[in-house]
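Fold and geometry: a report
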Amino acid sequence: MSALLRTAPLGTPPYQTLDPFLFAVYHKDQYPAGNSRLEAPETGNGADFDPSKPYRMYHGDRVPGFPQHPHRGFETITATIDGIIDHTDSMGNGGRYGFGDSQWMTAGKGIVHGEMFPLVNQTSDNPCRFFQIWLNLPAKDKMVDPHFTMHWAPQVNKVQRDDGSSLTLFAGTYKSLKSEAPPPNSWASDPENDVAIYHITLPPNSQIKIPASEKDGVNRTLYMIEGEEAVIDGKSFSHKIWAVADASKELKLAATSSSPSQFLILQGKAIGEPVAQRGPFVMNTQQEIMQAFHDYQRTQFGGWPWPQDAMVFPQDKGRFALLNGVEMTPENPEGTRVDGDKEER
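The structure contained in this document is the topic of the report that follows. (Residues numbered from 1 in each chain as written. Predicted model: local features only at pLDDT ≥ 70, side-chain atom pairs only at ≥ 80, totals over all residues. Heavy atoms only, no water.)

Some thoughts on the overall build of the protein
Assigned secondary structure in the protein consists of one helix and 28 strands. When each of the 345 residues of the protein is scored for burial, the buried share is 54%. In the protein, 72% of the contacts between residues at least 6 apart in sequence involve partners at least 24 apart. Accessible area of the protein: about 15,300 Å², with a carbon and sulfur share of 48%. The average position of the 31 basic charges and that of the 42 acidic charges among the side chains of the protein differ by 3 Å. (Helix = DSSP H or I, 4+ residues; strand = E, 2+ residues; numbered from the N terminus. Buried < 20%, exposed > 50% of the residue type's maximum accessible area, 1.4 Å probe, protein only. Contact = heavy atoms within 4.5 Å. Areas by Shrake-Rupley, 256 points an atom, 1.4 Å probe, with all protein chains shown as cover. Lys, Arg positive; Asp, Glu negative; His and termini not counted. Charge placed at Lys NZ, Arg CZ, Asp CG, Glu CD.)

What follows is the structure in structure tokens.
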């Protein structure tokens with residue numbers, strides 16, 4: 001019997017998700033060359049999500065992206081493929097990452113952050129592709145302290161098969177491979193919850209098998225994000241789809257002879273608690289949602305320590321992560337302590 005339980009056309013993001021996930025978007029923007037201030041040639045309208053355009057400005061003005069905004073009660077996972085993202089938050093942490101890096105942020109009891117997409121190339125296009133995923137927190141962890149974790153591309157495990165197919169392991173396990181550790185209070189931090197995030201690329205005439213989960217109560221969803229044809233568990237599709245699969249069964253993905261394809265797979269044991277969501281806050285009750293708005297209006301979750309709401313770093317700044325006063329890079333993942341204008345090893 002097929003592992004596919006139900007399928008539907010993919011549609012426009014955000015995509016449908018199952019517990020423990022709340023939100024999933026595949027961002028794909030073909031940004032043009034930027035100017036000396038890393039800006040786009042057009043001005044955003046404050047809410048540019050038009051899927052028919054080659055690129056979107058989102059909530060950005062001249063630099064596309066999402067200026068400072070609050071969250072409480074869940075985690076964000078930003079798993080990059082191409083392009084650059086500048087992160088800043090109310091804890092004073094910041095970073096520039098992309099090209100296969102992955103950032104986890106536990107919002108917990110409350111954090112404000114910004115995600116901007118600076119156009120760092122001034123003589124060529126700035127393509128930007130990444131997944132933005134929200135992973136819920138159980139009630140006992142919704143008010144934990146915020147946490148920020150960066151996984152650089154060289155740390156992100158990837159399976160490369162002889163037929164050209166590949167699987168990038170942003171979270172969880174795949175056969176004998178394990179991802180880098182998620183934040184300590186993440187639902188993904190307990191192996192019993194079997195949380196996994198896979199990005200799969202299939203060139204023509206290639207295939208890959210996703211093993212069955214060994215845990216009970218695990219949900220698995222599949223999103224065909226690129227390609228026009230694919231064969232999923234023996235069933236042919238000629239359009240992009242999303243599907244719910246039985247995680248207790250092996251799942252086989254295959255590309256046809258004429259069409260490469262790419263997939264996102266989200267998997268995890270359901271938390272199984274009530275979900276109350278309003279905008280950037282996800283709690284268990286409406287009373288807790290109202291308290292979140294009250295707390296944010298009263299405290300601003302610590303305030304915004306950066307000089308701009310839509311903060312971007314200089315054009316010549318490489319990939320880095322500033323966490324609790326320590327600046328890390330892909331080349332120096334242990335980091336260097338930064339104290340004003342002074343640095344100490």
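Still more ground to cover, so stick around.
Observations regarding the nonpolar core
By size, the foremost hydrophobic cluster in this structure holds 26 residues, and its most contacted members are F131, I133, I197, Y223 and L266. Elements with a minimum of two residues in this core: β2 (21-31), β4 (74-82), β9 (126-136), β12 (166-171), β17 (218-226), β20 (241-246) and β22 (261-269). Those residues in contact with L266, other than ones at most four positions away along the chain, are T17, F21, A24, I133, A196, I197, N219, R220, T221 and Y223. Within the second largest apolar cluster, 25 residues are counted, among which are L169, I200, F237 and A245. (Core = buried A, V, L, I, M, F, W, Y, C linked by side-chain atoms within 4.5 Å.)

Examining the pattern of salt bridges
Evaluated as defined, the whole model comprises 17 salt bridges. One salt bridge in this structure joins K53 and E42, with 3.4 Å as the shortest N-O distance. In this pair, K53 sits in the loop between β2 and β3 (65-71) while E42 sits in the loop between β2 and β3, placing the two residues eleven residues apart along the sequence. A residue is classified by how much of its surface remains accessible, and E42, at 25% relative accessible area, is partly exposed. Taking the shortest distance from any N to any O, the salt bridge between K240 and E228 comes out at 3.0 Å. Within this pair, whereas K240 is found in the loop between β19 (235-237) and β20, its partner E228 is found in the loop between β17 and β18 (230-232), the two being separated by twelve residues in sequence. The structure contains a network of salt bridges with shared partners spanning R37, E39 and R62. (Salt bridge = Lys/Arg side-chain N within 4 Å of Asp/Glu carboxyl O.)

A word on the side chain of D89
Mapped onto the elements, D89 comes out in strand β5 (residues 84-89). One buried charge, D89, has no salt-bridge partner; the nearest side chain with opposite charge is K109, at 13 Å. Discounting residues that sit within four places of it in the chain, D89 has contacts with I111, V112, H113, F148, W304, P305 and W306.

Quick look at the sheet that holds β17
Strand order in this open sheet of seven strands is β1-β20-β17-β22-β15-β12-β11, and the pairing throughout is antiparallel. Edge positions in the open sheet fall to β1 (4-9) and β11 (158-160), since each of these has one partner strand only. Put simply, the sheet's adjacent strands are angled 15° from each other on average, direction ignored. (Pairing = 2+ DSSP bridges. Axes fitted to C-alpha atoms, helices over the stretch in contact; angles between N-to-C directions.)

Notes on the environment of V159
Structurally, V159 is set in strand β11. Of the residues examined, V159 reaches a relative accessible area of 16% and is grouped as buried. Along the chain, V159 and F320 lie 161 residues apart, while their C-alpha atoms are 25 Å from each other. Each residue touching V159, except ones within four places of it in the same chain, is listed here: S165, S166, L167, Y174 and L177.

Some remarks on the pairing of β5
For β5, a buried count of six out of six residues is recorded, marking the element as mostly surrounded by other parts of the structure. In terms of strand pairing, β5 meets strand β6 (residues 94-98) through five bridges, oriented antiparallel. Note on β6: the bridge partner recorded for I84 is G98. Hairpin geometry of β5 and β6 is characterised by an intervening segment of four residues between the two adjacent antiparallel strands and by a positive phi of about 85° at G92. Strand direction decides the pairing type here: β5 and strand β8 (residues 111-116), joined by four bridges, are antiparallel. Within the sheet, the bridge partner assigned to D89 lies in β8 and is H113.

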